[in-house]
Amino acid sequence: MKPIIIYGLLVVALCVSVLAIKGNSQVTEQSTVVSVETPRRITVVSEKTYNGHLVPRMEVKVYANISGKLVKVNAKQGQTVAKGDVLAQSSARQASIDAIKAEVALSVAKSQLTTAEANAQARIETQLVTAKESVAEAQSKLEETKSLAEMRIRNQLVQAESAYKAAQANFERAKVSAKQGLERAKTEFTKATSDFERDKALHEKELISDSAYEASETRFKLVQSRHEEAVAAANQFEDGTAQVTVEKTKAELAVARKIVESRGWEREIDAAASKVTQAKANLQTAQKLVEAKAWEREITIAKSAVSETEEQLKLAREQVNEAVITSPIDGVIAQQHLELGDYAKSAASSGEPVYTVVAIDVLKAVWTVPVSDINRIDEGSMVLISTASGIQNIIGTVDFISPIVKQGENTVTIHATLQKPLANAIDNYPVNPMQNKALKPGISVTISIKTGERKNVLLLPQRAVLNIQHGIGNIFVVEESVVRQKQINVSGLYGGEIEVSSRLPQTTQVIVENQHLLSDGIPVTISNE
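Treat the numbers as computed from the prediction; the structure is a model and nothing was measured.

Asker: Teacher, can you tell me more about the overall build of the chain here?
Answerer: When helices and strands are counted, the chain shows 6 helices and 20 strands. Classification of the 529 residues of the chain by burial places 32% in the buried group. Contacts in the chain between residues at least 24 apart in sequence constitute 76% of all its contacts with a sequence separation of at least 6.

Asker: Which parts of the structure should I look at to understand the pairing of strand β4 (residues 68–73)?
Answerer: The side chains of a regular strand alternate between the sheet's two faces. Here β4 runs beside strand β9 (residues 343–344); their pairing, made up of 2 bridges, is antiparallel. Looking across to β9, one finds that Gly68 is bridged to Ala344. In this structure, β4 lies alongside strand β6 (residues 86–90), joined through 3 bridges in antiparallel fashion. In the strand pairing of β6, Lys72 is matched with Gln89.

Asker: Hey, could you run me through helix α5 (residues 264–291) in this one?
Answerer: Three or four residues apart is the spacing at which side chains of an α-helix point the same way, because the helix has 3.6 residues per turn. With 28 residues, α5 ought to run about 40 Å at 1.5 Å a step, and its terminal C-alpha atoms sit 41 Å apart, in line with that. For α5, every residue scored as buried is listed here: Gly264, Trp265, Ile269, Ala272, Val276, Ala279, Leu283, Ala286 and Val290. A positive phi of about 50° marks Lys293, the residue just after α5.

Asker: What am I meant to see in the packing of aromatic side chains here?
Answerer: Note on aromatic pairs: each is described by the distance of the centres and the angle between the planes. Here the structure, examined in full by the defined rule, presents 3 aromatic pairs. Taking 4.8 Å as the distance between ring centres and 10° as the angle between the ring planes, the aromatic pair formed by Phe196 and Phe220 counts as stacked. Placement of the pair is Phe196 in helix α2 (residues 93–204) and Phe220 in helix α3 (residues 210–239), with a sequence separation of 24 residues. Summarising the burial analysis for this pair, Phe196 and Phe220 share the class buried. Site record: aromatic cluster; members linked through ring pairs are Phe189, Phe196, Tyr213 and Phe220.

Asker: Could you clarify how one ought to interpret the pairing of strand β14 (residues 444–461) in this entry?
Answerer: Both strand β3 (residues 40–62) and β14 contribute to a ladder of 13 bridges, which runs antiparallel. Across the sheet, Thr49 pairs through a bridge with Ser448, a residue of β14. Pairing analysis gives 5 bridges linking strand β11 (residues 382–387) to β14, with the strands arranged antiparallel. Each residue of the ladder has a partner; that of Ile385, found in β14, is Ile447. As paired strands, β14 and strand β18 (residues 497–500) are joined by 4 bridges and run antiparallel to one another. Pairing of Leu459 across the sheet is with Glu499, part of β18.

Asker: Even after reading the chapter, I still don't get the side chain of Thr145, so can you show me in this structure?
Answerer: Looking at where Thr145 falls in the secondary structure, it is placed in helix α2. One polar contact links the side chain of Thr145 to the main-chain carbonyl oxygen of Lys141, over a distance of 2.7 Å. Not counting the four nearest positions on each side in its chain, Thr145 is found in contact with Glu268, Ile269 and Ala272.

Asker: Is there a simple way to think about α3 in this case?
Answerer: Here α3 contains 30 residues, and its C-alpha end-to-end distance of 43 Å stays within 8% of the 44 Å for a straight helix at 1.5 Å per residue. Listed in full, the buried residues belonging to α3 are Tyr213, Ser216, Phe220, Val223, His227, Ala230, Ala234 and Phe237. Gly240 occupies a position one or two residues after α3 and carries a positive phi of about 85°.

Asker: Would you mind going over unusual backbone geometry with me for this structure?
Answerer: The phi torsion of most residues other than glycine is negative, and most of the peptide bonds are trans. The backbone of His470 shows a phi angle near 55°, a positive value even though the residue is not glycine. With respect to the helices, strands and loops of the structure, His470 is situated in the loop between β15 (466–469) and β16 (472–479). Using a relative accessible area of 82% as the deciding quantity, one classes His470 as exposed. The backbone phi angle of Ser481 is positive, close to 65°, even though this residue is not glycine. Overall, the relative accessible area of 45% leaves Ser481 in the partly exposed class.

Parameters at a glance
- Residues numbered from 1 in each chain as written.
- Predicted model: local features only at pLDDT ≥ 70, side-chain atom pairs only at ≥ 80, totals over all residues.
- Heavy atoms only, no water.
- Helix = DSSP H or I, 4+ residues; strand = E, 2+ residues; numbered from the N terminus.
- Buried < 20%, exposed > 50% of the residue type's maximum accessible area, 1.4 Å probe, protein only.
- Contact = heavy atoms within 4.5 Å.
- Pairing = 2+ DSSP bridges.
- Expected span 1.5 Å × (residues − 1).
- Phe/Tyr/Trp six-rings, centres within 6.5 Å; stacked < 30°, edge-to-face > 60°.
- Polar contact = N/O pair within 3.5 Å; in protein donor to acceptor, adjacent residues only side chain to side chain.

Structural data, given as structure tokens:
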């Protein structure tokens, strides 16, 4: 009986087990509720960031227009100024002196113009008349020279010969006369000496009076003087002194003979002819001046001189006005370099600026990029700019790409102007970045630049993809209310989503949670939540 009972119990237990398995199977075949999402397609933008800093739209060094001491200072550092505002003023003393000189020069130029307009034509026409008269006079002189030069020169020879003969005759007569005079003087001197010696002896014996002796002495001295003169006159003919006049006339005669021998009148005729040629050339020049109305050119030159001096006066007066130093732009005084009383120089004199004015109504971001990245950036490209203080997504437009590569760094400098935003265009964008006190020239910024774009990129939630290895992962999808496990290729991670490179219809229902409770082929119900 025991084996039968035991067998019966086993049968009963087996039946119970079968019933239990069937019950569990029925429970499993009931639909599981799952949450699903469909893939979404987006455009993925790749970007690269660089570090840079902000600069003002414009920074201008304001110099004195003319060099001089600062006599007035109106603006201080940090002050907001508008274009044309008077910032300071330098001394205009030298400019005023230059203006006075220019006024004097203008007055002289106008006077010369008036003279040219009144007299130039008459003067040039008078030159023509004078030139004609000079030609006539030169021709008359030439004819006269041709007719009389030879006769005059030959007459000069005759006169020289006559003068020489007369000098010789005079010399001989004077020589005879001097010799005769000397003989008479000797005779007279001998007698006078004898008389004086006699009277001297008588006077010593007191046989004659003192007055008689003095009269005798006076006569002796007079005769002695005449004797000395006669000796001197006679000696002139001995030492050749008296022949000077003869030699002079002889030399003049030799010259006259040479002139005749060389036909000197021909040289005179040639000289007279040369004067005629020169006079005719002067006449031709004068005629051309009249024909060309040269006075008009003189007047034009005079007018040009007036215009030039007027321009110089204008510039000089402008220099006086330019003693006032004004702001060239709207902006803020970033730095005051000189104080009242300092000597300010112009930019041309390489002086120090008076002020530095910056325009901060618009800011620019400045940064450098490697040469390898430069092909990704074009003028007009949009960039996003962020600051360390938390201001993000400031739009900038590239407006300058340096054509020069920095040596040693192999980089290129780029500028981008910060734009005022469109309403609600970008989150966290200040209403006007230029009004944000955190945005100042010089602060460091990060510049983001779009480097690429891929469209129709298929993305799934990261939690939907399981067991990712070597670019392959698994997903569970719902097909006709049944779970199906599929293998997909993945190629990237974007935040909380995974890029799927396999073909996957966008209507695919992908299970996104509790995948560990699922297996291929079980029925499921999609949650409505």
